[in-house]
Structures are given as C-alpha cells and as structure tokens.
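A look at the structure
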Amino acid sequence: MKMLLRPPALRRGDAIGYFSPSSPATAFAPTRYARAQAYLRGRGFRLVSGSLSGASDHYRSGSIMARADELNALLRNPDVRCVMSTIGGANSNSIVPYIDYDALVRDPKIVIGYSDATAILLAIHQMTGLVTFYGPALVASFGEFAPVVDTTYDFFESLLMGSGAPPYPYPMPTHWTDEMIPWEAQDRAKVLRPNTWTFHGTGTALGRLVGGNLNTMWGIWGSPYMPEIREGDVLLIEDSLKPISTVERLFAFLKLNGVFDRVSAVLLGKHELFKDGDTGRTPMDVLTEVLAGQSLRVVEGFDCCHTHPMMTMPLGCEVRIDFDAQQVSTETPWLA
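Notes on the structure follow. (Residues numbered from 1 in each chain as written. Predicted model: local features only at pLDDT ≥ 70, side-chain atom pairs only at ≥ 80, totals over all residues. Heavy atoms only, no water.)

Glancing now at the environment of S85. The topology assignment puts S85 in strand β3 (residues 80–85). Look at S85 and you get buried, because its relative accessible area is 0%. For the pair S85 and S22, spaced 63 residues apart in the sequence, the C-alpha separation amounts to 9.3 Å. Those residues in contact with S85, other than ones at most four positions away along the chain, are F19, P21, I112, G113, Y114, A117, A137 and L138. (Helix = DSSP H or I, 4+ residues; strand = E, 2+ residues; numbered from the N terminus. Buried < 20%, exposed > 50% of the residue type's maximum accessible area, 1.4 Å probe, protein only. Contact = heavy atoms within 4.5 Å.)

Okay, here's the thing in structure tokens:
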C-alpha cells in the first residue's frame, strides 16, 4: 500500500491545464468549450490548452499515444497546478499504461475529472498514492449555465483552494437538474428540481473513498491500475444514460465480486436520465433487488455524478457518513 500523497492547494492565478482523454468535446462543442474557458478565466485562472484541443478522430480526440502524450505534457509542466479533463467518453482506459506516474510523484498536482476519466483518476491513485478528485470537467461542467455552474464551482473552490483540513461537511445542493439540451443549441439555464438525499441505514461509516463511474471501473477491473476495494471502504458509484438492464448487470458484478461484503457504505450518485425500461423502478430499487436482503448502508441521490451541480470529492481520503444525522464529510486532509 503506497503512502498517501497530497497535492498543493490551487491558488488564484494558477494555471489549469486541460486534456481530452477520450471524447473530443473541444471539437464538437466549440460554443460550450469557449463558455467554459471564459468562466474559469473569469474566476482568475490561467488556462493551458492540451495538444488535442480542437482535434477530433471521430469518436475520440486522437490516437491512444497522442492522448497519453497530451496528458503527460501537462503532468510534466511545472507551471500547471491542476490538470482537468474536458469531458469523459469511453476510452480513457486505453491510455493508463502510458501515463508518466513518476512525474506526479516528483511534482504532485491536482488531477480532476469524472465519468470516463475515472480510469485515469483511479490509476493515478493506485500507482502513486496521490489523492485525485472526482469532480467537474472543463467543457461538461464549467460550460453549463448559472446557477448550477456557480454551485459546482463553489464546491471546486471549497475543496481545492482552502486548507484541505478536515472536516468538510458537504451541504446538500438545494436543487439539481438532468435536463438534456443539445450543447451547441443551449441558450438558457436548465429547469431545476428540488433536491433530496436518502440515507438508507443507521450509525456511522468511516472509510477510504474509492470509486467513480461504475461503467468505467469495469474497464480497468482486475488490472494493476484498479485499486483493490478494501474492508471498510466507502464506495462512490454513479452512471449516466444507462438502461436498467445494464445497471442490474453492473450492480450484480459488484455483488459477485464480494464488493458489498467489504465496503462500509455506498454513495450512490444520481443517475442522469436513467432509462427504466418502463418498469417505474429506480437504480436504488435495482440495487435492493441485487442485494437480496444483504445489509448495506447507502446514500441515495448523491450529487457527485453526471447531473448538475456537481460536488468535488477526494478519492483516497477518508470520508464519514453519519446516517442518523444525514451528513457526509471528509475526515482526513486532502491537500498538502
């Protein structure tokens, strides 16, 4: 087990470098991309563009080695203090064997993203011990409209620009949305819904936070790049646009691998535009059926996922879930 490595805090005026490890969002969504750049510059950051910005190779931004080279250039750049994905996709796992992990050991920096970038975040943590962050991506998150983009940014700033000293109790956002509007046609804020989290269970769970996008974790499972799910871990799982059949398969995959026997609790993120197959069932309903009476504490509807706004979570650090007080908080430092 590697010693936990923590990156320095981000400061106003620092450079954020961005990369496209899979889908070419900077090419197919130029308006949203420009809006995201303007948003972060307006918050006082400098931006360093990855070498594949604006590029497209059909379903991906570039070849496997071109995508690895883009990320490595940012990891090796001493001026870049935060490395952020632009979006997810389906093929980030292709580049994990070629990441310059030693560069991050020499110069730890914040690495953040979500969705398909889960493969990179978990691989970096596994290979280096560095705390990585499941949180916003440049185009997907900061190209959104107010008010949700501001709430997403507030979590980003609170976690990454403070002292990094626990505890940090996560306040539940008052509203959320998964309304789908074509990115290049969007000219208004999305319709918001009142928010709820449901705490299934009692007592307190305390453990290392591990996880991210479940469909992506499946793509590195059993490899040297996937952290072993240990006794007492808190598992974050979320997904987007999946049919109920796929969700059942993935939840059953975790059960068959003994994951639910080991973790102390699950943070189940909201599922963006879940396709229930006209069953009327929710992802929590599916999980309950898969568990088949097995005891498992779950926070349902957590806002570290594909919906807006999105919280920022430190993978590799301990989190506490108080099911009686209905509170989720960090419990170990996440910044140097």
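Following the structure, the description resumes.
Quantified by volume, the largest pocket comes out at close to 540 Å³. Around the largest pocket, the lining is made up of 29 residues, and of these S115, S240, L241, E272 and H306 lie nearest the centre. (1 Å grid on protein atoms, 1.4 Å probe; cavity = no way out; pocket = protein on both sides within 12 Å on 5 of 7 lines; lining within 4 Å. Points joined across faces, edges and corners; volume = space filled by probe spheres on them.)

For the structure shown, the criterion picks out 17 aromatic pairs. On the numbers, 5.9 Å between centres and 85° between planes, the contact of F199 with F323 is edge-to-face. A residue pair is termed long-range when its members are at least 10 positions apart, and F199 in strand β9 (residues 198–200) and F323 in the loop between β15 (318–322) and β16 (327–330) qualify at 124 residues. Pair check on accessibility: F199 and F323 agree, each one buried. One aromatic cluster in this structure is built from Y39, F45, F142, Y153 and F156. Positioned above the aromatic ring of W176, the side-chain terminus of K270 is 5.3 Å from the ring centre. (Phe/Tyr/Trp six-rings, centres within 6.5 Å; stacked < 30°, edge-to-face > 60°. Lys NZ or Arg CZ within 6 Å of the ring centre and 35° of its normal.)

Glancing now at empty space enclosed by the protein. For the structure on display, the rule yields one cavity of 30 Å³ or more. Within this model, the largest cavity holds a volume of roughly 90 Å³. Around the largest cavity, the lining residues are L214, I237, E238, D239, V247, L250, F251, L268, G269, H271 and P283. Counting residues per element, the lining of the largest cavity draws most heavily on helix α9 (residues 244–256), at three residues. A class-by-class count of the residues in the lining of the largest cavity yields seven nonpolar, two polar and two charged. (Nonpolar A, V, L, I, M, F, W, Y, C, P; charged D, E, K, R; others polar.)

Another aspect to go through is a nonpolar patch on the surface. Among the surface-exposed residues, I64, M65 and Y98 lie close enough to one another that they form a single nonpolar patch of about 260 Å² accessible area. Its place among the elements puts Y98 in the loop between β3 and α4 (101–106). For Y98, a relative accessible area of 40% puts it in the partly exposed group. (Patch = residues over 30% accessible without salt bridge, like charges linked within 9 Å, V, L, I, M, F, W, Y side chains within 5 Å. Areas by Shrake-Rupley, 256 points an atom, 1.4 Å probe, with all protein chains shown as cover. Salt bridge = Lys/Arg side-chain N within 4 Å of Asp/Glu carboxyl O.)

The subject of this paragraph is the sheet that holds β16. The sheet built from eight strands is open, its strands ordered β6-β16-β15-β10-β11-β12-β13-β9 with mixed pairing. The sheet is open, and its two edges are formed by β6 (168–169) and β9, each paired on a single side. In the sheet, β9 pairs with strand β13 (residues 298–302) via three bridges, with the strands oriented antiparallel. Paired with H200 across the bridge in β13 is V298. Across the sheet, helix α11 (residues 283–291) lies against β9, β12 (265–269) and β13, angled at about 160° from β13, the strand it touches most. (Pairing = 2+ DSSP bridges. Axes fitted to C-alpha atoms, helices over the stretch in contact; angles between N-to-C directions.)

A word on the pairing of β3. Taking burial as the measure, the six residues of β3 include six buried ones, the bulk of the element. Where strand β1 (residues 15–19) lies against β3, five bridges are found, and the strand directions are parallel. Along β3, the bridge assignment pairs Y18 with M84. Summarising the sheet, β3 and strand β4 (residues 110–113) pair through three bridges and their orientation is parallel. Paired with M84 across the bridge in β4 is I112. For the crossover from β3 across α4 to β4, the handedness is right-handed. (Right-handed = clockwise from strand over helix to strand, strands pointing away.)

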